[in-house]
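Observations on chain architecture
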Amino acid sequence: MNGTIRVGNLFGIPFYIHPSWFLVLGLVTWSYSSGLAAQFPQLSAGLALLLGLMTALMLFASVVAHELGHSFVAIRQGIDVKSITLFIFGGLASLEKESKTPGEAFWVAIAGPLVSLLLCGIATAIGVTTAASGPLAAILGVLASVNLALALFNLIPGLPLDGGNILKAIVWKITGNPYKGVTFASRVGQIFGWVAILSGVLPLLLFGNSGNFWNLLIGFFLLQNAGNSAQFARVQEKLTGLTAEDAVTHDSPIVSANLTLREFADERVISGQNWHRFLVTDDDGQLVGAIAIDNLRTIPTALWSETQVKEVMRPITESTTVQSDQPLLEVMQLLEQQKLSVLPVIRENGVLVGILEKAAIIQLLQSRTQPNPV
C-alpha cells in the first residue's frame, strides 16, 4: 500500500504508518525534548528525551483521534473505512465511498476538527483543574495548542483539508451537484497552496532569509492533492449516469461450453482473434467459466475433436463479475482497488453481456470529452 507499514487495527480499521512518519517523529521528539531541557534545566538529558518522545506520541495519538472522528461518523452512515494512515503531514482516513447527501458529507468532514477541539478543551481543563506545574503543565499546554492548531488548520476551506470538504458539502447543497462542490473547493485549495508556497519563498527572495521549508512542503501538498481531487471530480461527472453495460467491449471473447477444442481453435484462435482468454457460456447464455489459450496445451492435439470447452474451462466466481446495471464509476473504482484490467459483465439472471476493459472506460471518457462536430 504505497510503501506503508501495517501496524494493526484500530476498532477494526486497518492502521498503517508511512515511513516518512518516523522522520517526523524523530524531529518532533528532538524539538520538544530540547524545548523542555531549555525550559527546565533540572531535567536530565535522558528524561527530557523521554518526555519529548511521550509528547510526540501523544500528539500523533491526537492526529489518530482526529481521523477516527471522521471514521466513526462515516461508519454510522454505512460507509466502510478502508484504512487510517499516519504520514509526514499528519493522518488520512481512506473511505470506501462518498456520503450520499451534502448533510452527511458535512458531518463526516467536521467530525475531525470537532474531536481536535474537544482534545484541546480536555488538555486545558486538566491543566487548570489539577493546577499542574513544571514539565507536566508544559506538555499539557503543547497538547492543547497543537490540537487547536490542528483543528484550525484543517478548517481552511480548501481541499484536501477538512474545511475543503465542508465547503464542498455547502456548494453541493446550494447547487445540487457534488462535483461542482469538489471543483470549487479544489480551486480554493490550490489558491491556499500557492499562498503557502509564496509565504515560504518570498522571505528568501525579498529579505535573503532562509524561507519557510514547511510552508513550501504544505503548499506543494495542497496543490497536488487539490488538483487530483478536481481531476477525479471531472472523471466522476463524466461517468455519471453510465453503467457497466455502456462500456462493454464489442465482439467480446465469448465461446460456447459445448464447442470442441478443435472448433474453438479453428473459430477463435486460428481465425486471428488476439484474445488470450475467453469467457464460456452455456446454452442459455449464462456465464459458466473461462478458458485461456494456454489451457489447450494441457490436452493432446489428437483429443481436441472429442474434448469440449466445458471440460477444460476454469470456473469464475461471482465476486469477479459485475452487474450490467452497476454504475460505471463503481466499476472503475473496483478495477483500481483490485488491480484488474478486465471484468465480465452479467445481467441479473446470470446471462453474460461481455467483458469490460479499463481501456474501454478511458476511451469512453475521451469520447465524452471531445466536442461534438458542428
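The structure presented is a predicted model; accordingly, all values stated were derived computationally and were not measured. (Residues numbered from 1 in each chain as written. Predicted model: local features only at pLDDT ≥ 70, side-chain atom pairs only at ≥ 80, totals over all residues. Heavy atoms only, no water.)

For the rest of this paragraph, the subject is the overall build of the protein chain. In terms of regular secondary structure, the protein chain is built from 10 helices and 10 strands. Over its C-alpha atoms the protein chain spans a radius of gyration of 28 Å, topping by over 25% the 21 Å that the globule rule assigns to 374 residues. In terms of overall dimensions, the protein chain has C-alpha extents of about 90 × 55 × 45 Å along its principal axes. Relative to its full complement of 374 residues, the protein chain shows a buried share of 42%. Contacts in the protein chain between residues at least 24 apart in sequence constitute 62% of all its contacts with a sequence separation of at least 6. In the form shown here, the protein chain has an accessible surface area of approximately 20,300 Å², with 61% of it arising from carbon and sulfur atoms. Looking at the protein chain, you have 21 positive and 25 negative side-chain charges, and the mean spots of the two groups are 9 Å apart. (Helix = DSSP H or I, 4+ residues; strand = E, 2+ residues; numbered from the N terminus. Rg over C-alpha atoms; globule rule 2.2 N^0.38 Å. Buried < 20%, exposed > 50% of the residue type's maximum accessible area, 1.4 Å probe, protein only. Contact = heavy atoms within 4.5 Å. Areas by Shrake-Rupley, 256 points an atom, 1.4 Å probe, with all protein chains shown as cover. Lys, Arg positive; Asp, Glu negative; His and termini not counted. Charge placed at Lys NZ, Arg CZ, Asp CG, Glu CD.)

A separate point is the sheet that holds strand β6 (residues 277-281). Sheet strands associate in pairs through backbone hydrogen bonding, adopting either a parallel or an antiparallel arrangement. Within the open sheet, the three strands sit side by side as β5-β6-β7. Their pairing is mixed. Only two strands of the sheet have a single partner each, and these edge strands are β5 (254-256) and β7 (287-292). Neighbour-to-neighbour, the strand axes of this sheet turn through a mean angle of 35°, independent of strand direction. Relative to β7, β6 is paired through five bridges, and the arrangement is antiparallel. Paired with F278 across the strands is I291, a residue of β7. (Pairing = 2+ DSSP bridges. Axes fitted to C-alpha atoms, helices over the stretch in contact; angles between N-to-C directions.)

All told, the structure shown has three salt bridges when counted by the stated rule. With a shortest N-O distance of 3.0 Å, K168 and E98 are connected by a salt bridge. Here K168, found in helix α5 (residues 162-175), pairs with E98, found in the loop between β4 (90-95) and α3 (102-129); they are 70 residues apart in sequence, far enough to count as distant. Taking the relative accessible area as the measure of exposure, K168 reaches 6% and is therefore buried. Among the residues examined, E98 registers a relative accessible area of 48% and is labelled partly exposed. Taking the shortest distance from any N to any O, the salt bridge between D294 and R297 comes out at 3.5 Å. (Salt bridge = Lys/Arg side-chain N within 4 Å of Asp/Glu carboxyl O.)

What follows is about the sheet that holds strand β1 (residues 5-10). Taken in spatial order, the four strands make up an open sheet running β1-β2-β3-β4, and their pairing is mixed. This sheet does not close on itself; its edge strands, each paired only once, are β1 and β4. Strand-to-strand twist in this sheet, taken as the mean axis angle between neighbours without regard to direction, amounts to 25°. By the bridge criterion, three bridges tie strand β2 (residues 13-17) to strand β3 (residues 81-87) in an arrangement that is parallel. By the bridge assignment, I17 is partnered in β3 with L86.

In this section: the environment of L222. By secondary structure assignment, the location of L222 is in helix α7 (residues 213-239). Assessed through its relative accessible area of 4%, L222 is described here as buried. Taking the C-alpha atoms as reference points, L222 and Q190, 32 residues apart in sequence, are found 6.3 Å from one another. Setting aside its immediate chain neighbours within four residues, L222 contacts L159, P160, L161, G189, F192 and G193.

Our next topic: the pairing of strand β9 (residues 342-346). Among the five residues in β9, four count as buried, and that is most of the element. In the sheet, strand β8 (residues 322-323) pairs with β9 via two bridges, with the strands oriented parallel. From the neighbouring strand, V322 faces β9, where its bridge partner is V345. In this structure, β9 lies alongside strand β10 (residues 352-357), joined through five bridges in antiparallel fashion. Note on β10: the bridge partner recorded for V345 is G354.

Relative placement of two packed helices is described by the angle separating their axes and the distance separating the axes. The geometry of helix α2 (residues 45-76) relative to helix α4 (residues 134-154) is characterised by a closest axis approach of 10 Å and an angle of 30° between their N-to-C directions. Classified by the angle their axes make, α2 and α4 are roughly parallel. As α2 runs across α4, the sense of the crossing is right-handed. On α4, the residues touching L51, T55, M58, L59, S62, V63 and H66 of α2 are P135, I139, V142, L143, V146, N147, L150 and N154. A per-class count over the contact of α2 with α4 returns 10 nonpolar, five polar and no charged. (Parallel < 35°, antiparallel > 145°, perpendicular 65-115°, else oblique. Left-handed = near helix turned anticlockwise from the far one by under 90°. Nonpolar A, V, L, I, M, F, W, Y, C, P; charged D, E, K, R; others polar.)

Formed by 32 residues in total, the largest nonpolar core has its most connected members in F15, W21, L36, F60, I84 and L86. Elements that contribute at least two residues to this core include exactly β2, α1 (19-39), α2, β3, α3 and α4. At eight residues, α2 tops the list of elements feeding residues into this core. Non-local contacts of L86, meaning those with residues more than four positions away in its chain, are made with F15, Y16, I17, H18, W21, F60, V63, V64 and G91. Core analysis: the second largest hydrophobic core is formed by 19 residues, L328, L335, I361 and L364 among them. (Core = buried A, V, L, I, M, F, W, Y, C linked by side-chain atoms within 4.5 Å.)

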